[in-house]
Amino acid sequence: MGLLSLGTPLTWFESRQYNEHVKKNGVQQLLYIFKAAGSRKDDILLWGDELEFMLCQFDEKKKNVMLTVKDDDVLKILNTEELEFCKAHNASFHAEYGRYMVEATPAEPYRGQVNDYVEKNMRERRAIVEKHFKERGIELLSLAAFPRMGCEEFTNIEHPWDHHNEASRSLYLPDEIINRHARFPTLTSNIRTRRGEKVCMNVPMYQDEKTPKNDDTVYTRDWFSSEDKEGPLAMKRGQIYMDSMGFGMGCCCLQLTFQTPTVGKARYLYDTLANFAPIMLAATAASPAFKGWLADQDVRWNVISGAVDDRTPFERGVEPLLPEYNNGHGASIMKNPIRIPKSRYSVVDLFLGGNAFFDRKFNDTDVPLNEEVLQTLQENSIFTMDYDLARHFAHLYIRDPLVIFQECVNQDNKTSTDHFENIQSTNWQTLRFKPPTQQATPDNKTVPGWRVEFRPMEIQLTDFENAAYSNFIYLIVEAILEFNSEINGYMPMSQIWANMDTAHHRDAVLTEKFYWKQDFENTLTGEYTMDEIFHNEGNGIFPIFIDRILKHKGYVSTNWRDLRASENGSLVRLYYYLKLVSDRAAGILPTTAKFMRDYVLSHNSYSQDSRVSKDINFDLLRVVERISHLDNSNKDVTNFLGQEIAQYILEHRI
Ligand code: ADP
Ligand code: MG
Ligand code: MG
Ligand code: MG
Ligand code: MG
Ligand code: MG
């Protein structure tokens, strides 16, 4: 989550009068940022990760695991009494959407290539939270999606349904799972209100012998006059039906942010990473089950995308589910409502351009723009933005602010970025182009410069894996920036969108083909398996990015496998990080999603009906817990990571 302003958040009906005000002033703030920081240069490659965790309560007697909503005081403690302690361990903890969630980042970003330090820092972060829960039956799991989210007894609320869940109005998720900070329930209810209906996610159900034809957990209720009638209309045959923001924003991911030397390099990095996003989503797949059902997909992305989809039926180009109740809300007061092809949480929309490899023809998808913003950014008295970058922001500004705080309506555009961040931080895309603040003048290196965030990856069970994917992307980023005059990563945006769909498919790593560059000098693309995309000599990620940068820096003479024989322990560990990424992409090791799905399918009490029961979930999450602590007493680590990697990490604990 971005922005956590203090104060009184306004409901949708109170706040929408300020929508244009926020957008107008947000654009001014953006222009002052460019004026201040546009000519910044020589910023170094600082970077950092964000890990998200779930606090899970294990009930040994009932053989049930619950998301705990009673332990969020840990965040307060970590940010007050223990703040200095956390800083001393270079750890920082943040609130997330779920009351059961904790986000953890390094307090200070990493400087360049740091290999095993990433894992050491991740390990410390995990340990700092865990020490609060020793002997209490609560485990901190880095689980992408909680398999029984929304099922009976999935949280430790005693009487979840003796009162109404006003914010989400979900049939499944009580409001107590939402973070207590007023921003989060308001965000939930404002998205629903603007949309005019509850959000609706239908995910294909895994088909087994006795899988029912429909999600049989859908029911009607009479608490909320229209929302309670939506389920049977919104659900689809053979799909898992979900109706609330928490199903998506309650998922966990691994994000990485990289600082670039200049704004121009940030644009180039963003564009070059665009097609890595769907590839890495598929490569890190870790979400095989939702709402107690095995899904016929492996990742969380489209669930979050639907979970915050605030578009009105008109904007989505569909009829309302219940026309007699839906008076259009947002749409009814819009001057000129437009059709919007996708959710504000989705794949990137536009390349940012600004370099010699870029050609506007690559932006070949239907991307609506806020024309007024497009105009203002290019013609004003503060800073003249070029068309291609103006187009990116003009797209972000087709969205309305989702939460406005009463106290923050009026701001000084020369110093504040709140209105800009309001729109920016609720455009959740696979990449985020992060401008600095107005303080970031060229000579002020005490504040961050231009950054790019890589956001698609699913969180992994162990610090080792999360460090592996972080280091892998770091090396790619370093290669892109180092060889910027040689690497041409452009391809049609429509192919990146298509890759994003493909990345959702079950076992995409093993069975699908993705669009990928035929080489990185020209612009032709072809369709390739994941194994080819990672390993091909002429266009694979390992040869073209990883080996090239490692050779350039003098760490290897032929390829990354040379690291194994290094005298330097942190480089040997880097070898095992890269081996994990490589083996999974080659199908030698299972993705987290495949491992978890196979566990469910082969569990004693599984009845070929795609259901993840309480006891299956309990046993599964015990395995997950053992793996995350590198407890190999049941051979779980070996089964999951393979003999060679398991043996190395068990013998070289961090
Ligand atoms: P958000 O939730 O908005 O993406 P966070 O503050 O949670 O932002 O995480 C940002 C990440 O960026 C952290 O890992 C942090 O260490 C890292 N970071 C901080 N400063 C810089 C910088 N100057 N350059 C690159 N990364 C940075
Ligand atoms: Mg987060
Ligand atoms: Mg964050
Ligand atoms: Mg954030
Ligand atoms: Mg999240
Ligand atoms: Mg982030």
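Every value quoted in this text rests on a predicted model; they were computed, and no experiment measured them.

Caption draft 1: Quick peek at the overall build of the protein chain. On a plain count of helices and strands, the protein chain comes out with 26 helices and 17 strands. On C-alpha atoms alone, the protein chain measures out to a radius of gyration of 24 Å, which is about the 26 Å that the 2.2 N^0.38 rule sets for 654 residues. In terms of principal-axis extent, the alpha carbons of the protein chain reach across some 70 × 70 × 55 Å. Split into buried and exposed, the 654 residues of the protein chain put 65% on the buried side. For the protein chain, the distance from the average site of its 74 positive side-chain charges to the average site of its 93 negative ones is 1 Å.

Caption draft 2: Representation of the packing of aromatic side chains. Throughout the structure, instances matching the rule amount to 36 aromatic pairs. Centre to centre, the rings of tyrosine 97 and phenylalanine 184 are 6.2 Å apart; their planes meet at 80°, and the pair counts as edge-to-face. A residue pair is termed long-range when its members are at least 10 positions apart, and tyrosine 97 in the loop between β3 (91-94) and β4 (101-106) and phenylalanine 184 in helix α6 (residues 183-195) qualify at 87 residues. Among the residues examined, phenylalanine 184 registers a relative accessible area of 0% and is labelled buried. Between phenylalanine 433 and tryptophan 450 the ring centres are 5.8 Å apart and the planes differ by 15°, which places this aromatic pair in the stacked class. Linking phenylalanine 433 in strand β14 (residues 431-434) with tryptophan 450 in the loop between β14 and β15 (451-454), this pair joins segments that are 17 residues apart in sequence. Put simply, the rings of Phe34, Tyr270, Phe383, Phe393, Phe420, Phe433 and Trp450 touch in pairs and so form one group of aromatic residues. If you follow arginine 183 out to its NZ or CZ, it ends over the ring of phenylalanine 184, 6.0 Å from the centre.

Caption draft 3: Structural view of the coordination of the magnesium ion (ligand 2). Within the first shell, the magnesium ion (ligand 2) binds the protein through Glu52 (OE), Glu96 (OE) and Glu103 (OE), at distances of 2.0 to 2.1 Å. Expressed as a motif, the donor residue spacing for the magnesium ion (ligand 2) is E-x43-E-x6-E. Taken as an interatomic distance, the gap from the magnesium ion (ligand 2) to the magnesium ion (ligand 3) is 4.2 Å; glutamate 103 donates to each of them. With a gap of 44 residues between them, glutamate 52 in strand β1 (residues 46-59) and glutamate 96 in the loop between β3 and β4 connect regions that are remote in the sequence. Judged by relative accessible area, glutamate 52 falls into the buried class, the value being 5%. Of the residues examined, glutamate 96 reaches a relative accessible area of 3% and is grouped as buried.

Caption draft 4: Up close: the site of ligand 1. Taken together, 16 residues sit near ligand 1, with Asp49, Glu50, Glu103, Gln259 and Lys434 positioned nearest. Proline 106 has a polar backbone atom sitting 3.5 Å from an oxygen atom of ligand 1. Coverage of ligand 1 by the protein amounts to 81% of the 580 Å² it exposes when considered alone. With five residues, β1 is the largest single contributor of residues to the shell around ligand 1. Partitioned by chemical class, the residues of the shell around ligand 1 number six nonpolar, four polar and six charged.

Caption draft 5: Fine view of unusual backbone geometry. One non-glycine residue with positive phi stands out, namely glutamate 135, at about 60°. Within the fold, glutamate 135 resides in the loop between α5 (116-130) and β6 (138-141). According to the relative accessible area criterion, glutamate 135 is exposed, its value standing at 78%. Despite not being glycine, glutamine 608 shows a phi value in the positive range, around 55°.

Caption draft 6: Inspection of the nonpolar core at higher detail. Within the largest apolar cluster, 212 residues are counted, with the highest numbers of intra-cluster contacts made by Phe472, Phe534 and Ile541. Take this core: its biggest share by element is 13 residues, from helix α17 (residues 463-482). Each of domain 1 (14-158 + 246-454) and domain 2 (468-651) accounts for three or more of the residues forming this core. Phenylalanine 534 has contacts with Ile279, Met280, Ala283, Phe472, Gly540, Ile541, Phe542, Pro543, Val581 and Ala585, leaving out every residue within four places of it along the chain.

Caption draft 7: View of the domain arrangement of the protein chain. When cut into domains, the protein chain gives domain 1 (14-158 + 246-454) and domain 2 (468-651). The distance between the C-alpha centroids of domain 1 and domain 2 comes to 23 Å. Residue-level contacts link 80 residues of domain 1 with 77 residues of domain 2. In total, domain 1 and domain 2 occlude about 7,000 Å² of area from one another, counting both sides; carbon and sulfur atoms represent 69% of this. Our enumeration of links across domain 1 and domain 2 arrives at eight salt bridges. With a closest N to O distance of 3.9 Å, glutamate 139 and arginine 622 form a salt bridge.

Caption draft 8: Region of interest: the environment of leucine 402. Looking at the element boundaries, leucine 402 is found in the loop between α15 (387-396) and α16 (418-424). Note on leucine 402: relative accessible area 0%, which makes it buried. Taking the C-alpha atoms as reference, leucine 402 lies 9.1 Å from threonine 11; in sequence the two are 391 residues apart. Not counting residues within four places of it along the chain, the set of residues in contact with leucine 402 comprises Leu187, Asn190, Ile191, Asp310, Arg344, Asn422, Thr426 and Trp428.

Caption draft 9: Representation of the pattern of salt bridges. If you walk through the whole model with that rule in mind, you get 51 salt bridges. Between arginine 221 and aspartate 228 there is a salt bridge, with its nearest N and O atoms 3.1 Å apart. The same class applies to arginine 221 and to aspartate 228, which are both buried. The structure contains a network of salt bridges with shared partners spanning Lys23, Arg194, Asp310, Glu315, Arg344 and Asp400.

Caption draft 10: Region of the structure containing the packing of α5 against α17. α17 packs onto α5 with a crossing angle of 140° between their chain directions and a minimal axis gap of 9 Å. Between α5 and α17, the angle falls in the class oblique. The handedness of the crossing between α5 and α17 is right-handed. Between α5 and α17, the residues in contact are Val118, Glu119, Met122, Arg123 and Arg126 and Asp463, Phe464, Asn466, Ala467, Ser470 and Asn471, respectively.

Caption draft 11: Broad picture of α15. Most of α15 is tucked away, with nine of its ten residues classed as buried. Within α15, the full set of buried residues consists of Asp388, Leu389, Ala390, Arg391, His392, Phe393, Ala394, His395 and Leu396. Looking at the packing, one finds that the buried side of α15 touches α2 (19-37), α9 (263-273), α14 (371-378), α16, β13 (428-429) and β14.

Caption draft 12: Spatial organisation of the side chain of asparagine 156. Relative to the helices and strands, asparagine 156 resides in the loop between β6 and α6. Among the polar contacts listed, one links the side chain of asparagine 156 to the backbone nitrogen of valine 69, at a separation of 3.0 Å. Excluding residues within four positions of it along the chain, asparagine 156 makes contact with Gln57, Met66, Leu67, Thr68, Val69 and Lys70.

How each quantity is defined
Residues numbered from 1 in each chain as written. Chains lettered and ligands numbered in written order. Predicted model: local features only at pLDDT ≥ 70, side-chain atom pairs only at ≥ 80, totals over all residues. Heavy atoms only, no water. Helix = DSSP H or I, 4+ residues; strand = E, 2+ residues; numbered from the N terminus. Rg over C-alpha atoms; globule rule 2.2 N^0.38 Å. Buried < 20%, exposed > 50% of the residue type's maximum accessible area, 1.4 Å probe, protein only. Lys, Arg positive; Asp, Glu negative; His and termini not counted. Charge placed at Lys NZ, Arg CZ, Asp CG, Glu CD. Phe/Tyr/Trp six-rings, centres within 6.5 Å; stacked < 30°, edge-to-face > 60°. Lys NZ or Arg CZ within 6 Å of the ring centre and 35° of its normal. Donors = N, O, S within 2.8 Å, 3.2 Å for Na, K, Ca; no water. Near = heavy atom within 4 Å. Polar contact = N/O pair within 3.5 Å; in protein donor to acceptor, adjacent residues only side chain to side chain. Areas by Shrake-Rupley, 256 points an atom, 1.4 Å probe, with all protein chains shown as cover. Nonpolar A, V, L, I, M, F, W, Y, C, P; charged D, E, K, R; others polar. Core = buried A, V, L, I, M, F, W, Y, C linked by side-chain atoms within 4.5 Å. Domains from an automatic or database assignment. Contact = heavy atoms within 4.5 Å. Buried area = accessible area lost by both parts, 1.4 Å probe. Salt bridge = Lys/Arg side-chain N within 4 Å of Asp/Glu carboxyl O. Axes fitted to C-alpha atoms, helices over the stretch in contact; angles between N-to-C directions. Parallel < 35°, antiparallel > 145°, perpendicular 65-115°, else oblique. Left-handed = near helix turned anticlockwise from the far one by under 90°.

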